[in-house]
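# Overview (structure and organization)
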Amino acid sequence: MKNYLRFILFLTLVFSTSGCGIGIELPFKTEQKTGPTVTELVQIPIPDIPTPLDLNLSFGAGKMVLLPNSGPDLVSGTATFNVADFKPEVTVDEFSVSLKQGNLKLNAVPTIDETIKNEWSLAIKNVPLELDIKAGGYTGDFEFGGLAIRDLHIADGAANVKLKFSTPNTETMNAFRYETGGSNISMEKLANANFQTMIFQSGAGNYNLDFSGLLQQNASVFIETGLSRLVISVPDGVPAEVNFEGPLSKVIIQGDWQQSGEDYYLEGQGPRLIFTIETKAGTVTLQNP
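Okay, so let's go over this structure. For clarity, every value in this text was computed on a predicted model and none was experimentally measured.

Turning next to the environment of threonine 285. Tracing the chain through its elements places threonine 285 in strand β23 (residues 273-287). Among the residues examined, threonine 285 registers a relative accessible area of 8% and is labelled buried. Taking C-alpha positions, threonine 285 is 6.3 Å from leucine 230, a pair spaced 55 residues apart along the chain. Here threonine 285 is in contact with Leu230, Val231, Ile232, Ile252 and Gln254, once residues within four sequence places are set aside.

Turning to the pairing of strand β7 (residues 96-100), a few remarks are in order. As paired elements, strand β3 (residues 53-59) and β7 share 5 bridges and run parallel to each other. Looking at β7, one finds that asparagine 56 is bridged to serine 98. With 4 bridges connecting them, strand β6 (residues 89-92) and β7 associate as antiparallel partners. By the bridge assignment for β7, glutamate 89 is matched with lysine 100.

The next point concerns the pattern of salt bridges. Tallying each qualifying case throughout the model produces 8 salt bridges. Put simply, lysine 134 and aspartate 132 hold a salt bridge, and the shortest N to O gap is 2.8 Å. Look at lysine 134 and you get partly exposed, because its relative accessible area is 27%.

Okay, the environment of leucine 230 next. If you trace the backbone, leucine 230 turns up in strand β18 (residues 219-233). Distance in space between the C-alpha atoms of leucine 230 and leucine 209 is 7.8 Å, their sequence separation being 21 residues. Setting aside residues no more than four positions away along its own chain, leucine 230 makes contact with Tyr207, Leu209, Ile223, Ile277, Thr283, Val284 and Thr285.

Each value, and the rule that gives it
- Note on numbering: residues in each chain are counted from 1, in written sequence order.
- For a predicted model such as this one, the threshold for reporting local features is a pLDDT of at least 70, and the threshold for listing and counting side-chain atom pairs is 80 or more; totals across whole chains, interfaces and linings nevertheless cover every residue.
- With hydrogens and water set aside, each side-chain value is computed from the structure's full complement of heavy atoms.
- Put simply, DSSP marks the helices as runs of H or I at least four residues long and the strands as runs of E at least two long, and each gets a number from the N terminus on.
- Residue burial is assigned from relative accessible area. The probe radius is 1.4 Å, only protein chains are included, and a residue is buried under 20% of its type maximum, exposed over 50%, and partly exposed in between.
- Contact between two residues is taken to exist if any of their heavy atoms lie within 4.5 Å; hydrogens are not considered.
- Between any two strands, at least two bridges found by DSSP are needed for them to pair.
- A carboxyl oxygen of Asp or Glu within 4 Å of a side-chain nitrogen of Lys or Arg is what we treat as a salt bridge.

Geometric values such as these leave the question of function open.
Take a look at the structure:
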């Protein structure tokens, strides 16, 4: 039974990473490829290409930490791994900069255990960016406060991610799109992202979306989720409205949220948040702390 569960876990990892630029060939035995733990410096200077820079990060399983960078480089930090094929690769062309986890290509029976280590700890410069992050089943800890992101796209598999904009994004963000599988995602101070449009698509899971921060313009938020627990938090004084589409099992309102028919709203002044939510089933909690 244990071997069967390990094989199912392996297949989940393969399918979650196959669409994210990480190549894994069957069959393989990971224990044949683990070696000494290596920590390599990652240092990518700001290239001489037009802004906004197109920065692409491709990561498989493991842990990824992203922070603002006060130094001179576009990206700096470390990559720690004990599988040689996880060595990160950097590509710079006339249009973009890419940092990609190396391909894992082995040739035996799959074995998944805790001996595999793969961690990125990176800092990103506050230059105008179009940031694209693709990952598999991983743990993510992202702090984007004070960066200059014009477009942000994150796509991952079964993930545990904490994302925060502690301070305002210094550029107007055209679109923030997040696509995930069955995950646990927590995003804080999303108003500081300074986005015009946000799209969040998910499978089953737990999702906490906090829209505190400085809302500088009207913003539209489109959410499509499966059987999940979704919590949306909007602070006092920010006008908001929520429109539901599709079947819905339960809506819980807390604070000053009011209901009008099948719509929900908060009164306030200034820029407005407009939500359109489509759920297959699950619970949606509207908070006004």
